[in-house]
Amino acid sequence: MNDPVAALRGYQPSPDLLGGRVILVTGAGQGLGRAVALACAGHGATVALLGRKPEKLEATADAIEAAGGAEPLLVPLDLAAADQGAFERFAQLLRREATRLDGIAHCASHFVPLGPLAEQSLDTWLTLLRVNLAAPFALTNACLPLLTAAPASSVVFTGETHGAAPAAYWGGFAVGKSALPALATIWSGELEKSGRTRMNVLVPGPIATPQRARSHPGEDRARLRAPEEAARAYLYLLGDASAEVAGKTLIL
Ligand SMILES: NC(=O)c1ccc[n+]([C@@H]2O[C@H](COP(=O)([O-])OP(=O)(O)OC[C@H]3O[C@@H](n4cnc5c(N)ncnc54)[C@H](OP(=O)(O)O)[C@@H]3O)[C@@H](O)[C@H]2O)c1
């Protein structure tokens, strides 16, 4: 298999890359998730948009439709509060309204200002781990029957530079993100025989988003990668060009 990060550098998605497919994007109301949702819809997918705030999802849906994309499915859900039943109801709604699922781009993320571990509370940790680690697992698990029924499905978890290379003051955010490569590798191994569903982690690097403005205040945003550029990497992992890439962590 070729180096997927190298393959990604010259990757040009075809306009109908995701034609006829349904892709779920979490955190679709702003930042990277919004750009990924627009990119998927712009390459033929019908997208399901998940986020906390309905008005932000509506704004993303308006932008998709204004650009000629298919009408998205909007599914507001608070990943910090969702329990097993909520994830199962979500998957049932997806089955009813979208009938199929070919991929998930997990872009939602809970971030807290950097600080010493000694000052982070249990409640802070539990919310970080719920949104950034447990919810990507539980949401994917609830959707697994749909994903494994699709001819070729792909799940992309969004990692973090400081999850891959932990550093002081990144706390429970980095610890939660650091477990995603293990999740993708374990699950891909378990699904290998089916040959239908792949899972990978993408570490997108510095991108000009609202979260980045909080994690690196005062930084020159003009030097950052645009969310639209990073979205191309999600198209690569969601589409067939990466058919042999499974259980990997791609660091951009
Ligand atoms: N930006 C970077 O430089 C960078 C670098 C490396 C990795 N990443 C990763 O890339 C991903 C996207 O980051 P971003 O910079 O685009 O973040 P962002 O601007 O903060 O957006 C995060 C999204 O997550 C949603 N969200 C937060 N808490 C949620 C909850 N409890 N339930 C449902 N949705 C929730 C938010 O929805 P609402 O707005 O509706 O609350 C928002 O749409 C994250 O996983 C992040 O860790 C980013």
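Residues numbered from 1 in each chain as written. Predicted model: local features only at pLDDT ≥ 70, side-chain atom pairs only at ≥ 80, totals over all residues. Heavy atoms only, no water.

1. Digging into the pairing of strand S5 (residues 153-158)
Link 1 in the chain: Most of S5 is tucked away, with six of its six residues classed as buried.
Link 2 in the chain: The alternating pattern of S5 places Ser-153, Val-155 and Phe-157 on one face and Ser-154, Val-156 and Thr-158 on the opposite face, and all of these are buried.
Link 3 in the chain: Direction of pairing for strand S4 (residues 103-106) relative to S5: parallel, over a ladder of four bridges. Residue pairing across strands places His-106 opposite Phe-157, the latter belonging to S5.
Link 4 in the chain: Crossover S4 to S5 through helix H5 (residues 122-149) is right-handed.
Link 5 in the chain: As defined by bridge partners, S5 adjoins strand S6 (residues 197-203) across six bridges and the pair is classed as parallel. Bridge assignment links Ser-154 to a residue of S6, and that residue is Arg-198. (Buried < 20%, exposed > 50% of the residue type's maximum accessible area, 1.4 Å probe, protein only. Helix = DSSP H or I, 4+ residues; strand = E, 2+ residues; numbered from the N terminus. Pairing = 2+ DSSP bridges. Right-handed = clockwise from strand over helix to strand, strands pointing away.)

2. Some words on the layout of surface pockets
Link 1 in the chain: Considering only enclosed or pocket space, the largest pocket measures out at about 970 Å³ in volume.
Link 2 in the chain: Contributing to the lining of the largest pocket are 43 residues, with Gln-30, Cys-107, Ala-108, Ser-109 and Gln-211 lying nearest its centre.
Link 3 in the chain: At the level of elements, helix H2 (31-42), strand S2 (46-51), helix H3 (54-66), H5, helix H6 (161-164), helix H7 (171-178) and helix H9 (210-215) are the ones that each hand at least two residues to the lining of the largest pocket.
Link 4 in the chain: Looking at which element gives the most residues to the lining of the largest pocket, the answer is H9, with five residues. (1 Å grid on protein atoms, 1.4 Å probe; cavity = no way out; pocket = protein on both sides within 12 Å on 5 of 7 lines; lining within 4 Å. Points joined across faces, edges and corners; volume = space filled by probe spheres on them.)

3. Description of the nonpolar core
Buried together is how nonpolar side chains tend to be arranged in soluble globular proteins.
Link 1 in the chain: Phe-87, Phe-90, Leu-94, Leu-101 and Phe-157 are the most contacted members of the largest nonpolar core, which has 37 residues in total.
Link 2 in the chain: Of all the elements in the fold, those that place two or more residues in this core are strand S1 (22-26), S2, strand S3 (73-76), helix H4 (84-98), H5, S5, helix H8 (180-191) and S6.
Link 3 in the chain: Broken down by element, the residue count for this core peaks at nine residues, all from H5.
Link 4 in the chain: Once residues lying within four places of it in the same chain are set aside, the contact partners of Phe-87 are Leu-77, Leu-79, Ala-82, Ala-135, Ala-138, Leu-139 and Ala-142.
Link 5 in the chain: Membership of the second largest hydrophobic core comes to 36 residues, among which are Ala-37, Ala-45, Tyr-234 and Leu-235. (Core = buried A, V, L, I, M, F, W, Y, C linked by side-chain atoms within 4.5 Å. Contact = heavy atoms within 4.5 Å.)

4. Comments concerning the site of the ligand
Link 1 in the chain: The immediate surroundings of the ligand are formed by 29 residues, with Leu-32, Arg-52, Lys-56, Lys-177 and Thr-209 found nearest.
Link 2 in the chain: Here an oxygen atom of the ligand sits 3.2 Å away from a polar atom, N or O, in the main chain of Gly-27.
Link 3 in the chain: Within the side chain of Thr-209, one N or O atom sits 2.4 Å away from an oxygen atom of the ligand.
Link 4 in the chain: With respect to the detected pockets, the ligand is housed in the largest pocket. (Near = heavy atom within 4 Å. Polar contact = N/O pair within 3.5 Å; in protein donor to acceptor, adjacent residues only side chain to side chain. Sits in = over half its atoms within 2 Å of the grid points.)

5. Points about the pattern of salt bridges
Link 1 in the chain: Evaluation of the coordinates by the stated rule reveals four salt bridges.
Link 2 in the chain: Put simply, Asp-240 and Arg-21 hold a salt bridge, and the shortest N to O gap is 2.9 Å. One end of the pair, Asp-240, is in the loop between helix H10 (227-238) and strand S7 (249-251); the other, Arg-21, is in the loop between helix H1 (4-9) and S1, and 219 residues separate them in sequence.
Link 3 in the chain: Residue classification places Asp-240 among the partly exposed positions, given a relative accessible area of 45%.
Link 4 in the chain: Notably, a salt bridge pairs Arg-100 with Asp-102, separated by 2.6 Å at the nearest N-O pair.
Link 5 in the chain: Residue classification places Asp-102 among the buried positions, given a relative accessible area of 2%. (Salt bridge = Lys/Arg side-chain N within 4 Å of Asp/Glu carboxyl O.)

6. A word on the state of the cysteines
Link 1 in the chain: By the definition in use, this model includes zero disulfides.
Link 2 in the chain: Cys-107 provides the cysteine sulfur closest to Cys-40, a residue in no disulfide bond, and the two sulfurs are 8.5 Å apart.
Link 3 in the chain: Here Cys-40 falls in the buried class, since its relative accessible area comes to 0%. (Disulfide = S-S within 2.5 Å.)

7. Thoughts on a negative patch on the surface
Link 1 in the chain: There is a patch of like negative charges on the surface, built from Glu-55, Glu-58, Asp-62, Glu-65 and Glu-71.
Link 2 in the chain: Relative to the helices and strands, Glu-71 resides in the loop between H3 and S3. (Patch = residues over 30% accessible without salt bridge, like charges linked within 9 Å, V, L, I, M, F, W, Y side chains within 5 Å. Areas by Shrake-Rupley, 256 points an atom, 1.4 Å probe, with all protein chains shown as cover. Lys, Arg positive; Asp, Glu negative; His and termini not counted. Charge placed at Lys NZ, Arg CZ, Asp CG, Glu CD.)

8. Observations regarding the packing of H2 against H10
Link 1 in the chain: In the contact formed by H2 and H10, the axes pass within 8 Å of each other and the chain directions differ by 60°. Of the possible angle classes, the one that applies to H2 and H10 is oblique. The interaxial crossing formed by H2 with H10 has right-handed handedness. Here H2 contributes Gly-31, Leu-32, Ala-35, Val-36, Ala-39 and Cys-40 to the contact with H10, which in turn contributes Pro-227, Glu-228, Ala-230, Ala-231, Tyr-234, Leu-235 and Leu-238.
Link 2 in the chain: For the contact of H2 with H10, a count of residues per class yields 11 nonpolar, one polar and one charged. (Axes fitted to C-alpha atoms, helices over the stretch in contact; angles between N-to-C directions. Parallel < 35°, antiparallel > 145°, perpendicular 65-115°, else oblique. Left-handed = near helix turned anticlockwise from the far one by under 90°. Nonpolar A, V, L, I, M, F, W, Y, C, P; charged D, E, K, R; others polar.)

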